[in-house]
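# Descriptive structure summary
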Amino acid sequence: MAPRGTKTAPLGLEDALWAAANQLRSNMDAAEYKHVVLGLLFLKYVSDKFEYRRTELEALVQDETSDYFMPTAAARQMVLDDRDEYTAAGVFWVPEGHRWSDLRKAAKQPNIGSRIDAAMEAIEKENPSLKGVLPKNFNRRELTPSTLAGLIDTFSRDDLAAAEHQGTDVLGRVYEYFLAQFASNEGKNGGEFYTPRSVVSLLVEMLQPFNGRVYDPCCGSGGMFVQAEHFVTAHGGARNDISVFGQEQNPTTWRLAKMNLAIRGIEANLGPEWGDSFHDDKHPDLRADFILANPPFNISNWGGERLTDDKRWKYGTPPPSNANYAWLQHMLHHLSPTGTMGVVLANGSLTVNSSGQGDIRRKMIEDDVVECIVALPSQLFYSVQIPVSLWFLTKDKTARKVGSERPQRNRKGEVLFIDARDMGYMESRTHRNLASEDVARIADAYNAWRGTPDLQPYEDVPGFCASAEICQVADARYALSPGRYVGAALEEDDGVSTEERIGGLVAGIRADLTRRSEIHEKIERALDTLDVVNRG
């Protein structure tokens, strides 16, 4: 099995690039600087890919054994200038005068900002799929020529070019690393475009999207899709085994997602432009095999009062004051009859009963669409410190095997609860992360419970996981907090009997009482002495 989890071997290069780029930030706000840095990284990516393809063609047109061979210099030049030879290979066409090498030569010029803007304009014009995606505001007062020159020099480092030529996805990794760093720097706002990699890894390892349609209705910068593609290729599949559909309502985040996926070579349908999934659904007919999402927590004012009779609210109209159950039902609406979805929600959604939300949850449980709940530790997210849970829903818990799906057992009438609140480690003073071992343990428990044949048979583990019947959930008034079902962890036997343990406690308490009595007597004697002196 391919390695799983969150800890990939760091290049060291990513840290160095980040440190250099961050040093040039000066007083610019991280939220603004993010678009400057990531835009330039994307420009370097498309330009490097173009130059690599051009070098490849130059060799082919001179190779007499190649189908590309051309006998004259003029014919060879025609091939090199043929746009189709690039686009057919999945390479963006970068016009002459706007390539990275051109910008590097002009990096020290005072008009470098306008030259970068012109390059972005030209690349968008030549590649319709990038229309409206690239940032074009480098020529502004707060971005000094020295800052832009420093960034161009930083991304032109020889060791970065060398690493790219090794055939690894270096720029993609750098882009993702920078996204995470900007999310950390932006704090609360960072959560709007970035889901921590360990959480995304856990969702993907549990859902195992080997093939089919993958959908995220609030896709942020597209991290769910990047990780899903990693999963497929790490297990011997091809990138085209999955079809990617997404939507994002924030225009700048939608652009980040488009660049993030393009830099990874992932073809995705994110709609013709940004849009609100509730009020401007870009994929109304989509029925996805896998849905992965991290919607904003507990949002109010989402316009629910304008959607009271919407066909998506199969289990009840969600309240305008909280969109949690609107997200769940929107995604269920888009889930195929045999699909599975994993969603991150704030813990309050597990037990809330106000505004009809308890009734919606009850109907979902009674209809047997709730498959698994995982309680995660707190401090996993940059945006909020509250603990969150993963919801896994499906419309089909039978043992039916569809297409190339792996065998699974009949889980009708059952719900799996996993309590992972004590897992993970503190990556910094304020941020927790899940180790690859944590991800593997949780994912294995879930997939063993589903009946995956190459895993050890599932067993309840007190304090960690428990499989419950729907009638047990009903007895708990449809509350879905895992701690309620998994119980307490068993303590290791240290060889001390209960009588000995109680005897030790009693002796300890008596010793404390004796010490307190002695201290009390000393204080009384001291007070008597003070009283005598005072009277004298």
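Up top is the structure these notes are about.
A brief report on the enclosed structure follows. All figures in this text were calculated on a predicted structure; none of them were measured in a lab.

## Regarding the sheet that holds strand β11 (residues 465–469)
One open sheet holds the nine strands; their spatial order is β3-β2-β1-β4-β5-β7-β6-β8-β11, and the pairing between them is mixed. Each of the sheet's edge strands pairs with one partner strand only, and the pair in question is β3 (268–269) and β11. Sheet topology places strand β6 (residues 370–375) next to strand β8 (residues 414–419); four bridges connect them, and they run parallel. Across the sheet, C372 pairs through a bridge with L416, a residue of β8.

## A closer look at helix α14 (residues 357–366)
Listing the buried residues of α14 in full gives Q357, G358, I360, R361, M364 and I365. Buried residues of α14, viewed axially, fall in a sector of 160°; they line one side. Where α14 is buried, its residues contact α13 (324–333), β6, β7 (388–394) and α16 (470–475). Of the residues trailing α14, D368 is marked for its positive phi of about 65°.

## Describing the packing of aromatic side chains
For the structure on display, the rule yields 19 aromatic pairs. A ring pair is formed by Y33 and F182, whose centres lie 6.3 Å apart and whose planes are at 70°; its orientation type is edge-to-face. Of this pair, Y33 sits in helix α2 (residues 30–61) while F182 sits in helix α9 (residues 170–186), and the two are 149 residues apart along the sequence. Of the residues examined, Y33 reaches a relative accessible area of 1% and is grouped as buried. With a relative accessible area of 1%, F182 lands in the buried category. Ring centres of F155 and F178 lie 6.2 Å apart, and the angle between their planes is 55°; on these two criteria the pair is classed as tilted.

## Some thoughts on the pattern of salt bridges
Under the counting rule described, the total for this entry stands at 23 salt bridges. For R409, the salt bridge is made with E414, and the minimal N-O distance between the two is 2.7 Å. Because the salt bridges share partners, they merge into one network encompassing E32, R140 and E142.

## Some words on the nonpolar core
Counting residues in hydrophobic clusters, the biggest one holds 109 residues, and the most contacted among them are F42, L43, I116, F178, M206, V374 and I418. In contact with M206, not counting residues within four places along its chain, are C372, V374, L390, F392, I442, A443, Y446 and N447. One finds L286, M331, V352 and I365 within the second-largest nonpolar core, a separate group that totals 44 residues.

## Notes on helix α3 (residues 73–80)
Each α-helix winds once per 3.6 residues, and so residues spaced three or four apart point in a common direction. Of all the positions in α3, only A75, V79 and L80 are classed as buried. All buried residues of α3 lie within an arc of 145° about the axis, which places them on one face of the element. Exposed side chains of α3 directed beyond 90 degrees from the buried face belong to A73, A74 and M78. On its buried face, α3 is in contact with α2 and α4 (84–87).

## Notes on the packing of helix α10 (residues 197–207) against helix α15 (residues 436–450)
The interhelical angle for the contact between α10 and α15, taken along N-to-C directions, is 25°, at an axis separation of 9 Å. With respect to their mutual orientation, α10 and α15 come out roughly parallel. With respect to the hand of their crossing, α10 and α15 are arranged in right-handed fashion. For the pair formed by α10 and α15, the contact residues are S198, S201, L202, E205 and M206 on the first element and V439, I442, A443, Y446 and N447 on the second. In terms of residue class, the contact of α10 with α15 is made up of six nonpolar, three polar and one charged.

Conventions used here
- Residues numbered from 1 in each chain as written.
- Predicted model: local features only at pLDDT ≥ 70, side-chain atom pairs only at ≥ 80, totals over all residues.
- Heavy atoms only, no water.
- Pairing = 2+ DSSP bridges.
- Helix = DSSP H or I, 4+ residues; strand = E, 2+ residues; numbered from the N terminus.
- Buried < 20%, exposed > 50% of the residue type's maximum accessible area, 1.4 Å probe, protein only.
- Arc of directions from axis to C-beta.
- Contact = heavy atoms within 4.5 Å.
- Phe/Tyr/Trp six-rings, centres within 6.5 Å; stacked < 30°, edge-to-face > 60°.
- Salt bridge = Lys/Arg side-chain N within 4 Å of Asp/Glu carboxyl O.
- Core = buried A, V, L, I, M, F, W, Y, C linked by side-chain atoms within 4.5 Å.
- Axes fitted to C-alpha atoms, helices over the stretch in contact; angles between N-to-C directions.
- Parallel < 35°, antiparallel > 145°, perpendicular 65-115°, else oblique.
- Left-handed = near helix turned anticlockwise from the far one by under 90°.
- Nonpolar A, V, L, I, M, F, W, Y, C, P; charged D, E, K, R; others polar.

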